Amino acid sequence: MAEVKRENFGHMPMEDGGGEVEKFVLQSDSVRVEILSLGCIIAALETRDRAKQFADIVLGFDTLEGYTRKHPFFGAVVGRVANRIAKGKFTMDGKEYQLFLNNGPNSLHGGARGFDKVLWSPQILPNGVCFYRLSPDGEEGYPGELKVWVTYTLNGSELAINYRAQTSKKTPISLTNHAYFNLAGQGSPDIYDHEISIEADSYLPVDDTKIPTGEVAAVQGTGFDLREPVQLGKHLKQFHLDGFDHNFCLPLGRARRLVARAHHPPSGRTMEVHTTQPGLQFYTGNNLDGSLKGKGAATYPKHSAFCLETQNWPDAVNKPHFPSPLLLPGEEYNHTTWLCFGTA
């Protein structure tokens, strides 16, 4: 059983609506995780290395102030729709919806004030915490009043994140957590010595604004073939890649399946990602530039962390041949992702 504690983490600035931010600490013998009621943010995640030493393996900030300023969604739950929607537009039942453009010509991760920037109502569970919020009809341009529950539970070395939602009107939805990982410990300069594998036979090529072109391309014979583990630094060089920021298309089906594995040979730390979701955005921190002061005064340069974001395919609301992101009244959105930590 995990131990669960709650403590105060600070107060939101008045211009952001005020309110107390709480921190919840979930701890087992092998994993310790801190989660905030602001944006359901994973603020710290400590796992053991081969020598049984703990290190915090996610990027973030020591104080609330870091999270209330502009940052690249460190550790947060993003929504109502994760990833990009082309031109911030979609049409449903003959009506066009226009969202806020916050990523060049596109809408990203829910808009100007997405799920990552709001306070959630927490409820402590025996081995975790459940966060709830009501997203009003029309929030950030999305139709329907949406009830959302995000539940974190820790069992031994496995952290489960369950997402549930119900809507009053048809709406697109795709929820994920945007944690940035470095298995050497946050603040380590790069992830080039990490080995990564992703169980995907195809991926989505993107245009120069990172919107999928619509093609579902085979990974075979390309730099996107990660079905066998690759050492990241070597692999990026070999294929002349600036990094990854792409959706990998996972085997279809709603059952739990292993979709990705990361291994840091020097420390021995491993992380497996299991999910019920149809897609996985693999991002190698290409836009990190060292300008943010993170935990313990660490700076976070380019390629100093990676994200494995389980979600629906980007811009699916505008691509009929992609898995549908639409949720109808009377239905329930229900997905789970499991992060399993160990050593090898």
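The structure we're discussing is the one just above.
Figured I'd write up the structure that's included with this text. The shown structure was predicted, so the numbers you read here are calculated from the model rather than taken from an experiment.

### Quick word on the overall build of the chain
A tally of helices and strands in the chain yields 2 helices and 27 strands. For the chain, the C-alpha radius of gyration of 19 Å lies close to 20 Å, the compact-globule estimate for 344 residues. With respect to the three principal axes, the spread of C-alpha positions in the chain is 60 × 50 × 40 Å. Per-residue burial for the chain yields a buried fraction of 58% across its 344 residues. Long-range pairs, those at least 24 residues apart, make up 65% of the contacts in the chain with a sequence separation of at least 6.

### Remarks on the pairing of strand β2 (residues 20-27)
Each regular strand carries side chains that alternate between the two faces of the sheet. Taking burial as the measure, the 8 residues of β2 include 6 buried ones, the bulk of the element. Bridge count between strand β1 (residues 3-11) and β2: 8 bridges; the pairing is antiparallel. By the bridge assignment, V4 is partnered in β2 with L26. Across 5 bridges, the pairing between β2 and strand β3 (residues 31-36) is antiparallel.

### Things to note about the nonpolar core
Core analysis: the biggest nonpolar cluster contains 59 residues, and L45, Y152, I198, F282 and F306 have the highest contact counts within it. No other element matches the 5 residues that strand β13 (residues 146-155) contributes to this core. Setting aside its immediate chain neighbours within four residues, I198 contacts L226, R227, F248, V259, A260, L280, F282 and L308. Membership of the second largest hydrophobic core comes to 20 residues, among which are V21, L38, L64 and A298.

### Some points on the pattern of salt bridges
Going through the model one piece at a time under the given rule, you end up with 19 salt bridges. Linking K23 and E7 is a salt bridge whose minimum nitrogen-to-oxygen distance equals 3.5 Å. On the criterion of sequence distance, the pair formed by K23 in strand β2 and E7 in strand β1 is long-range, its members being 16 residues apart. For the salt bridge of R261 with E272, the shortest nitrogen-to-oxygen distance reads 3.9 Å. Of this pair, R261 sits in strand β22 (residues 257-264) while E272 is found in strand β23 (residues 269-275), placing the two residues 11 residues apart along the sequence. Taken together, the shared-partner salt bridges connect E7, K23, R32, E34 and E46 into one network.

### Structural notes on the packing of aromatic side chains
One pair of aromatic rings is described through two measures. These are the centre distance and the angle between the planes. The full count for this structure, using the stated rule, is 20 aromatic pairs. Taken together, a centroid distance of 5.1 Å and an interplanar angle of 85 degrees make the contact between F61 and Y67 edge-to-face. On the basis of relative accessible area, Y67 is assigned to the buried category, the value being 5%. Of the aromatic side chains, those joined through ring pairs into one cluster are F61, Y67, F74, Y180, Y283 and Y300. For R164, the ring lying beneath its charged end belongs to W149, and the centroid distance is 4.4 Å. A cation over a ring is seen here: R256 above W338, with NZ or CZ 4.4 Å from the ring centre.

### Focus on the environment of L280
Relative to the elements of secondary structure, L280 occurs in strand β24 (residues 279-283). Note on L280: relative accessible area 0%, which makes it buried. Distance from L280 to L250, taken between C-alpha atoms, is 7.1 Å for residues 30 residues apart in sequence. Discounting residues that sit within four places of it in the chain, L280 has contacts with I198, H246, N247, F248, L250, V259, A260, L308, E309 and T310.

### Focus on the sheet that holds strand β18 (residues 202-203)
With respect to topology, 5 strands assemble into an open sheet ordered β19-β18-β21-β24-β25, the strand pairing being antiparallel. Since the sheet does not close on itself, it has two edges, and those belong to β19 (217-218) and β25 (307-311), each with one partner. Two strands pair when backbone bridges link them, and β18 and strand β21 (residues 245-249) are joined in this way by 2 bridges, in the antiparallel orientation. Looking at β21, one finds that Y203 is bridged to F248.

### What to know about the environment of A344
Along the chain, A344 turns up in the segment after β27 (333-343). When its relative accessible area of 47% is taken as the criterion, A344 is described as partly exposed. Residues A344 and G253 lie 91 residues apart in sequence; the distance between their C-alpha atoms is 29 Å. The contact partners of A344, leaving out residues within four places of it in the chain, are R50, R261, H263, G268 and T270.

### Things to note about the environment of L308
For L308, the location among the structural elements is in strand β25. The exposure class assigned to L308 is buried, which follows from its relative accessible area of 8%.

### A closer look at the side chain of S267
Residue position: S267 is located in the loop between β22 and β23. Relative accessible area serves as the criterion here: at 9%, S267 is assigned to the buried category. A polar contact of 2.7 Å, which involves the side chain of S267, links it to the side chain of H264. A polar atom in the side chain of S267 sits 3.2 Å from the backbone nitrogen of R269.

### So, the state of the cysteines
Going through the model one piece at a time under the given rule, you end up with 0 disulfides. In this structure C130 is a free cysteine whose sulfur lies 8.8 Å from that of C40, the closest cysteine sulfur available. According to the relative accessible area criterion, C130 is buried, its value standing at 11%. The closest cysteine sulfur to the non-disulfide-bonded C249 is located on C307, 18 Å from its own sulfur. A relative accessible area of 5% means that C249 is categorised as buried.

Rules of the game
- Residues numbered from 1 in each chain as written.
- Predicted model: local features only at pLDDT ≥ 70, side-chain atom pairs only at ≥ 80, totals over all residues.
- Heavy atoms only, no water.
- Helix = DSSP H or I, 4+ residues; strand = E, 2+ residues; numbered from the N terminus.
- Rg over C-alpha atoms; globule rule 2.2 N^0.38 Å.
- Buried < 20%, exposed > 50% of the residue type's maximum accessible area, 1.4 Å probe, protein only.
- Contact = heavy atoms within 4.5 Å.
- Pairing = 2+ DSSP bridges.
- Core = buried A, V, L, I, M, F, W, Y, C linked by side-chain atoms within 4.5 Å.
- Salt bridge = Lys/Arg side-chain N within 4 Å of Asp/Glu carboxyl O.
- Phe/Tyr/Trp six-rings, centres within 6.5 Å; stacked < 30°, edge-to-face > 60°.
- Lys NZ or Arg CZ within 6 Å of the ring centre and 35° of its normal.
- Polar contact = N/O pair within 3.5 Å; in protein donor to acceptor, adjacent residues only side chain to side chain.
- Disulfide = S-S within 2.5 Å.

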